[in-house]
Amino acid sequence: MHRRTAALDNIAELFAGEGAGEYLGEAVTMAEHMLQAAAAAEAAGAPDHLVAAALLHDIGHFQGALHGRDLMRGQDNRHSDTGAEWLAQWFGPEVTEPVRLHVAAKRYLCAIEPGYRERLSEASEYTLKVQGGPMDDAQAAAFAELPGAADAVAVRRWDEQAKEPGAQAPDFEHYRPLLAALMR
Ligand code: FE
């Protein structure tokens, strides 16, 4: 019990601290972006584990500002893996796998959905190239077979919607009970 409270306090501090920083050239901060993604998931009636995944999907960027700068300097920082592994201390695969796969889901959607790539933000288009560009047919087919593919695609769509400067979204504390119920 205490362990969960401490972990949630730690995550809340990341949102309030590092989260106030710039999000890779987007017009919203990291925290605004992740809170907007969670609000989009909630508005869509998503199950709790996907609201949590949307809220936490970019937490891998919080492990030091250096990582984010590396991505914008043209080097993939693998923030999706870093984030998923860090979250696995407390959350099961229903939360961590969509986080792990949210970058792959962008590469997948750009490959299979006409017009998807054109709707990416400028920063997201840039990172797409760093992350390997759209998947080829074999990669897309393999991705679609993964057990977490559909959840990752859902999180990705909320991710893309969550870059609106000034959009209202609940704060981190709104999600604390939902997160606590998912933690082990
Ligand atoms: Fe994101």
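Residues numbered from 1 in each chain as written. Predicted model: local features only at pLDDT ≥ 70, side-chain atom pairs only at ≥ 80, totals over all residues. Heavy atoms only, no water.

J.: Quick one: what's the story with the packing of aromatic side chains, residue by residue and with numbers?
T.: Throughout the structure, instances matching the rule amount to 4 aromatic pairs. Seen from their ring centres, Phe15 and Phe172 are 5.0 Å apart, and the 40 degrees between their planes marks the pair as tilted. Of this pair, Phe15 sits in helix α1 (residues 2–16) while Phe172 sits in the loop between α9 (149–161) and α10 (176–182), and the two are 157 residues apart along the sequence. When sorted by exposure, Phe15 lands in the same class as Phe172, which is buried. A network of ring pairs unites the aromatic residues Phe15, Phe62 and Phe172 as a single cluster. (Phe/Tyr/Trp six-rings, centres within 6.5 Å; stacked < 30°, edge-to-face > 60°. Helix = DSSP H or I, 4+ residues; strand = E, 2+ residues; numbered from the N terminus. Buried < 20%, exposed > 50% of the residue type's maximum accessible area, 1.4 Å probe, protein only.)

J.: Give me the lowdown on α1, citing residues and values where you can.
T.: Along its 15 residues, α1 runs 21 Å from first to last C-alpha, staying within 8% of the 21 Å computed at 1.5 Å per residue. Inspection of α1 places Ala7, Leu8, Ile11, Ala12, Leu14 and Phe15 among the buried residues, and these make up the whole buried set. An end-on view of α1 places all buried positions within 155 degrees of arc, on one side of the element. Among the exposed residues of α1, those oriented more than 90 degrees off its buried face are His2, Glu13 and Ala16. Buried positions along α1 lie against α2 (30–43), α3 (48–56), α5 (79–87) and α10. (Expected span 1.5 Å × (residues − 1). Arc of directions from axis to C-beta. Contact = heavy atoms within 4.5 Å.)

J.: Can you lay out the packing of α5 against helix α6 (residues 93–112) for me, pointing to particular residues and giving the numbers?
T.: How two helices pack is summed up by the angle between their axes together with the distance between the axes. For the pair α5 and α6, interaxial distance at closest approach is 7 Å and the crossing angle is 170 degrees. By the angle between their directions, the pair α5 and α6 is classed as roughly antiparallel. Counting all contacts with α5, which are made through His79, Ser80, Asp81, Gly83, Ala84, Glu85 and Leu87, the residues of α6 involved are Thr96, Val99, Arg100, His102 and Val103. (Axes fitted to C-alpha atoms, helices over the stretch in contact; angles between N-to-C directions. Parallel < 35°, antiparallel > 145°, perpendicular 65-115°, else oblique.)

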